[in-house]
Amino acid sequence: MTDTHAIDTSNSAHDDEHHGGSISTYIAVAIALVFLTACSYWTYTPFWPFGDNVAIKRLWMMAVSCTKAMLVIMFFMHLKWEANWKWVLTVPASIMSMLLVLSLIPDVGRRFQHASHERMIYAAERPALEDTRQDEEMDLEEPLIQLHSPDEKTPVNH
Amino acid sequence: MSDDHHQGFDYQPALPIPNGKLCLWLFLSTEIMFFAGLIGAYIVLRFGAVNWPSTHDVHLVEYLGAINTAVLIASSITIVLALEASKKNNAATARMYMIITLVLGTMFLGVKAFEYKAKFDHLIYPAMPRSHIYEKADVNYAAAVRARINALVAELPKAEDRTELDNEKADVVESVRVDLDKAELLIRNKPDSPDGRIALWELADRIYPRASVQGHHPVAPSMAPPSSNSGPAPHEPAKAASTSQSGFTLVSAESNDGHSGGHAVGLNDQYSWLRLPIMIPGGNLWASTYFLVTGFHAIHVIVGLIAFSILLTMNLGAASSGVVENVGLYWHFVDLVWIFLFPILYLF
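Being a predicted model, the structure only gives us computed values, none of them experimental.

Asker: Residue-level account of the domain arrangement of chain A, with values.
Answerer: It is common to give the size of an interface as the accessible area lost on bringing the parts into contact. Residues and elements named next belong to chain A. In terms of domain boundaries, chain A breaks down into domain 1 (12–82) and domain 2 (83–127). Counting residues at the interface gives 4 residues for domain 1 and 5 residues for domain 2. With both sides pooled, the region where domain 1 packs onto domain 2 buries about 340 Å², and carbon together with sulfur makes up 58% of that total. Summed over the shared surface of domain 1 and domain 2, the number is 0 salt bridges. Where domain 1 packs against domain 2, one counts 3 residue pairs in polar contact (both at pLDDT 80 or more). Of the residues in the side of domain 1 that touches domain 2, the class split is 2 nonpolar, no polar and 2 charged.

As structure tokens, this is what we get:
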């Protein structure tokens, strides 16, 4: 066991020699991260030049997020300077994560396909008017006058 | 299997890193999948939902999310600097950076708590019985509003004992009751017509107006007569029938008015004692996923802060640099998760 410890320590010391950048590198990365956060927020401002195309905005925000994630992983988490073991631990987990998300995607289509008519009606921003409405105009003032009567607190019982 | 024979082997670790760091990375691998599941579920539910509330509909504030992102980035750099100082056996400097990281992490939680309170103040909770969110303005919603009105009326003193404030409360409750009566009468008399649903929808909009359906301009009900319609006019069938469109517009389209941050003011905002049920299509699913994802992230932040607190009781010299590095890796992962949560929750 003593030998194992010796190997671990030497590896650690060996790693430390190569791990990490300079403090100026870290500060530059932090500034880049703040700048990229502002880039995400850019889509929210009137200065965004590409109109209201939702797909472009979302694509941009995801690209910015992925770039930020890569900066954090490579520099702050030191993977840029680590040996090849980093692939053993990170790649399988990343693949499993992507598969997990991708395997959920069919549910998206299914949920759209099976939305009931009633659900679609009530999901409207405002209940949809029907064409028959013009033919059925009614005077709403009359029931209102009745309802103002103090004797009639609850005119409808469900 | 004597000891002599055993010692003849030259053991090599499976990976050329300390065991603690290996364990931490294995743990982070499971964490990647854990949060991928949560975020994946959020994405599936969000884009698969027939309707989903916009950020302003549920009182999320974008700049608070951006501030929290900046706070976490700042804490990431301070923990890296703490590690560098620890490697150089500069324990005092490492401790200083560790304290700054702890403060920044606490600040993140403070902002998050402030945001949670904003939801709770608007009766947005992840589950019943506290949640007052109804998915649609139907007879169940009308019954809930009526139950609340009856409770408020029961709380009022007799007419001769009422103060001016009580009279004001009575007027507000009565105005809601009138609108509710009108809607329920329409539903009863014309069950096949959308008029009743429209009237009920307009009452719900008066109680809790959603920014995404206010023509992208926040509207204060006080600017309109009590029984007027603050939503689109009934003669706009094209817009009226735009089913689920609000789920596919970015919140940036609602930010024309900077005074209220895009949030619309309703009766529940004007009269905090009113606490009437609110109608947010997709609101319950949003609340469940929002509180689940941000809650788990907040738990990870709390665990990180506890780890920092424990580290602060130790000497952060070179001998502790391995532990500082491991805790730092964990903290960077927490930052990493937030990098994706910020745009998905606040800007999508």
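Okay, back to it.
Asker: Talk me through the packing of aromatic side chains; I want residue IDs and the actual numbers.
Answerer: Aromatic rings in a pair are described by how distant their centres are and how their planes are angled relative to each other. Residue and element names in this part refer to chain B. Counted according to the given criterion, the structure contains 25 aromatic pairs over all chains. Both rings, one in Phe120 and one in Phe291, keep their centres 5.7 Å apart while their planes meet at 15 degrees; by these two values the pair is stacked. One end of the pair, Phe120, is in helix α4 (residues 91–121); the other, Phe291, is in helix α10 (residues 283–312), and 171 residues separate them in sequence. Since its relative accessible area comes to 9%, Phe291 is described here as buried. Relative to Phe291, the ring of Tyr290 lies with its centre 5.2 Å away and its plane at 75 degrees, an arrangement referred to as edge-to-face. Here the two residues Tyr290 and Phe291 agree in accessibility, since each one is buried. Of the aromatic side chains, those joined through ring pairs into one cluster are Tyr116, Phe120, Tyr125, Trp286, Tyr290 and Phe291. The side chain of Arg46 reaches across the aromatic face of Phe47, ending 4.8 Å from its centre.

Asker: Hey, could you go over the environment of B:Phe296 for me, with residue numbers and the actual values?
Answerer: Residue and element names in this part refer to chain B. Relative to the helices and strands, Phe296 is located in helix α10. The exposure class of Phe296 is partly exposed, given its relative accessible area of 29%. Separated by 30 residues in sequence, Phe296 and Gly266 place their C-alpha atoms 31 Å apart. If we ignore the near neighbours within four places in the chain, the residues touching Phe296 are Phe34, Phe35, Leu38 and Phe291.

Asker: Can you tell me about the packing of helix α2 (residues 23–42) of chain A against helix α3 (residues 54–76) of chain A, naming the residues and giving the values?
Answerer: Residues and elements named next belong to chain A. At their nearest, the axes of α2 and α3 sit 9 Å apart, and the two run at 165 degrees to each other. In terms of orientation, α2 lies roughly antiparallel with respect to α3. α2 and α3 meet at a crossing whose hand is left-handed. Between α2 and α3, the contacting residues are Thr25, Tyr26, Val29, Ala30, Ala32, Leu33, Leu36, Thr37, Cys39, Ser40 and Trp42 on the first element and Trp60, Met61, Val64, Thr67, Lys68, Leu71, Val72, Phe75 and Phe76 on the second. Class assignment for the residues of the contact of α2 with α3 results in 15 nonpolar, 4 polar and 1 charged.

Calculation notes
- Residues numbered from 1 in each chain as written.
- Chains lettered and ligands numbered in written order.
- Predicted model: local features only at pLDDT ≥ 70, side-chain atom pairs only at ≥ 80, totals over all residues.
- Heavy atoms only, no water.
- Domains from an automatic or database assignment.
- Contact = heavy atoms within 4.5 Å.
- Buried area = accessible area lost by both parts, 1.4 Å probe.
- Salt bridge = Lys/Arg side-chain N within 4 Å of Asp/Glu carboxyl O.
- Polar contact = N/O pair within 3.5 Å; in protein donor to acceptor, adjacent residues only side chain to side chain.
- Nonpolar A, V, L, I, M, F, W, Y, C, P; charged D, E, K, R; others polar.
- Phe/Tyr/Trp six-rings, centres within 6.5 Å; stacked < 30°, edge-to-face > 60°.
- Helix = DSSP H or I, 4+ residues; strand = E, 2+ residues; numbered from the N terminus.
- Buried < 20%, exposed > 50% of the residue type's maximum accessible area, 1.4 Å probe, protein only.
- Lys NZ or Arg CZ within 6 Å of the ring centre and 35° of its normal.
- Axes fitted to C-alpha atoms, helices over the stretch in contact; angles between N-to-C directions.
- Parallel < 35°, antiparallel > 145°, perpendicular 65-115°, else oblique.
- Left-handed = near helix turned anticlockwise from the far one by under 90°.

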